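Spelled out, the chains give:
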Amino acid sequence: MNYHSEEWINEKVQDHYTEAKEYFSEDSIVGIFLQGSQNYGLDYERSDVDTKLILVPTFKDIAMNRKPISTTHIRSNDEHIDWKDVRLYIQTCRKQNPNFVEILFTPYMILNPKYSSQWNRLVDAREDIARYAPNQAIKAMRGTAKEKYHAMEYRYPSRVEWIDKFGYDPKQLHHLLRIQQFIERYIKGQPYKRCLTDYDPEYMVKVKQGYHSLEKARQLADNAIRDIDAMCDKFLSVEHPINEKIDGLFNDVQYEIMKLSVIDELRESGLSCSTM
């Protein structure tokens, strides 16, 4: 259960969208989607809101072979908006990056009506997308877990305050424990929404706030990473096939979104479809 209300979260997403339009035209925005703790039901009083902004390249971007946009915009209040070209977004879904797959499951979004029918094709297939390439998904989750494990005592400038107070970063421990449970549910074949949200929020928020001593945190982290390695090694001992139907869906949605954008852009410049 999130600490903040749905209204508060939606207002925050709207703030992000309003700021994004200072940098991009509305026609170039597929949508903006909440990422992070609110999607897991683990938002607490100190939680902020981070989002992902999915973008369509202009015809000129394509013609001039410009590098697709992929960067993190940091707002004045330190909240983050990940700017991501739709082509790269599709690639990350193919790589089964859970941080990008999860936005297909969030209820907190602003979707451009121009692209909604195509985006909703992805939403309708989101369970299959989440299991498009199971071996790759498990590798991506284990990679994220390793990052959190090694980051737990690393003195990142933004987390030094927490490490000075507790000797470790409780937020990294909380992520590691969450991913451990996530992987277990995924391997058991539970619905992806449950993999994202089925946690004990009271305990997990306590962990995030520094509930455990450094000694206990190290013990929990070591146990978690051993368990994750064992689960992943067993799962990866079998080659699970890629869903070719979803591969075709990825290609078609990417093509249709970019086609919509380019046709409208050329039409506005005075070129007819017959000229194309």
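A few points on the structure. (Residues numbered from 1 in each chain as written. Predicted model: local features only at pLDDT ≥ 70, side-chain atom pairs only at ≥ 80, totals over all residues. Heavy atoms only, no water.)

1. Focus on the overall build of the protein chain
- When its secondary structure is counted, the protein chain shows 14 helices and five strands.
- The C-alpha atoms of the protein chain give a radius of gyration of 20 Å, which matches the 19 Å a tight globule of 276 residues would have.
- Taking the principal axes of the C-alpha coordinates as reference, the protein chain spans close to 70 × 45 × 30 Å.
- Taking contacts inside the protein chain between residues at least 6 apart in sequence as the whole, the part at least 24 apart equals 76%.
- Summing over all exposed atoms, the protein chain offers an accessible surface of approximately 14,000 Å²; the carbon and sulfur share of this is 49%. (Helix = DSSP H or I, 4+ residues; strand = E, 2+ residues; numbered from the N terminus. Rg over C-alpha atoms; globule rule 2.2 N^0.38 Å. Contact = heavy atoms within 4.5 Å. Areas by Shrake-Rupley, 256 points an atom, 1.4 Å probe, with all protein chains shown as cover.)

2. Here we look at the nonpolar core
- Counting 63 residues, the largest nonpolar core has Y89, W119, L122 and L173 as its most contacted members.
- Here the element with the most residues in this core is helix α13 (residues 214–236); it accounts for nine residues.
- Those residues in contact with L122 that lie beyond four places of it in its chain are Y89, I90, L104, I129, L249, F250 and V253.
- One finds Y17, V49, L55 and I110 within the second-largest nonpolar core, a separate group that totals 15 residues. (Core = buried A, V, L, I, M, F, W, Y, C linked by side-chain atoms within 4.5 Å. Buried < 20%, exposed > 50% of the residue type's maximum accessible area, 1.4 Å probe, protein only.)

3. Concerning helix α10 (residues 170–187)
- Compared with an ideal rise of 1.5 Å per residue, which puts 18 residues at 26 Å, α10 spans 26 Å between its outermost C-alpha atoms and is within 8% of the ideal.
- For α10, the capping residue at the N-terminal end is D169, with a side-chain oxygen 3.0 Å from the backbone nitrogen of K171.
- Just past α10, the residue G189 takes up positive phi, approximately 85°. (Expected span 1.5 Å × (residues − 1). Polar contact = N/O pair within 3.5 Å; in protein donor to acceptor, adjacent residues only side chain to side chain.)

4. As for the packing of aromatic side chains
- By the definition in use, this model includes 13 aromatic pairs.
- Taking 5.2 Å as the distance between ring centres and 50° as the angle between the ring planes, the aromatic pair formed by Y23 and W83 counts as tilted. Linking Y23 in the loop between α1 (6–20) and β1 (29–35) with W83 in strand β4 (residues 80–85), this pair joins segments that are 60 residues apart in sequence.
- Y23 gets classed as partly exposed once you look at its relative accessible area, which sits at 45%.
- Assessed through its relative accessible area of 11%, W83 is described here as buried.
- Between F182 and Y192 the ring centres are 5.3 Å apart and the planes differ by 85°, which places this aromatic pair in the edge-to-face class. Taken together, the positions of F182 in helix α10 and Y192 in helix α11 (residues 192–197) put the pair ten residues apart, joining distant regions of the chain. The pair formed by F182 and Y192 is uniform in burial state, with each residue classed as buried.
- Among the aromatic residues, ring-to-ring pairing joins F33, Y89, F100 and W119 into one connected group. (Phe/Tyr/Trp six-rings, centres within 6.5 Å; stacked < 30°, edge-to-face > 60°.)

5. Some remarks on the pairing of β4
- With five of six residues buried, β4 is to be regarded as a mostly interior element.
- For strand β2 (residues 50–55) and β4, the ladder comprises five bridges, and the chain directions are parallel. Bridge pairing in β4 places L53 opposite W83.
- Pairing of strand β3 (residues 70–74) with β4, which is carried by five bridges, proceeds in the antiparallel orientation. Within β4, the residue paired with T71 across the bridge is W83.
- If you look at the hairpin formed by β3 and β4, you'll find five residues sitting between the two strands, and D78 has a positive phi there, around 75°. (Pairing = 2+ DSSP bridges.)

6. A word on unusual backbone geometry
- Of note in this structure, D78 is not a glycine but carries a positive phi near 75°.
- By the secondary structure assignment, D78 is in the loop between β3 and β4.
- In this model, Q96 sits at a positive phi of 65°, which is unusual for a non-glycine residue.
- Counting through the fold element by element, Q96 comes out in the loop between α4 (86–94) and α5 (98–101).
- Take Q96: its relative accessible area is 2%, and that puts it in the buried class.

7. Regarding the pattern of salt bridges
- The tally for this structure, following the rule as stated, stands at 23 salt bridges.
- The salt bridge involving R75 is made with E79; its shortest N-O contact spans 3.1 Å.
- By relative accessible area, E79 is classed as buried at 2%.
- In this structure, R218 engages E153 in a salt bridge whose closest nitrogen and oxygen atoms are separated by 2.9 Å. In this pair, R218 sits in helix α13 while E153 sits in the loop between α8 (134–151) and α9 (160–166), placing the two residues 65 residues apart along the sequence.
- Using a relative accessible area of 36% as the deciding quantity, one classes E153 as partly exposed.
- Here the salt bridges do not stand alone but share partners, grouping K12, E19, R75 and E79 into one network. (Salt bridge = Lys/Arg side-chain N within 4 Å of Asp/Glu carboxyl O.)

8. Some thoughts on the packing of α8 against α13
- Orientation of α8 relative to α13, taken along the N-to-C sense of each, is 165°, at an axis distance of 10 Å. One way to sum up the angle between α8 and α13 is to call them roughly antiparallel. Crossing geometry of α8 relative to α13 is assigned as left-handed. Judged by residue contacts, P134, N135, I138, K139, R142, A145, K146 and Y149 of α8 engage A221, D222, I225, I228, D229, C232, D233, F235 and L236 from α13. (Axes fitted to C-alpha atoms, helices over the stretch in contact; angles between N-to-C directions. Parallel < 35°, antiparallel > 145°, perpendicular 65-115°, else oblique. Left-handed = near helix turned anticlockwise from the far one by under 90°.)

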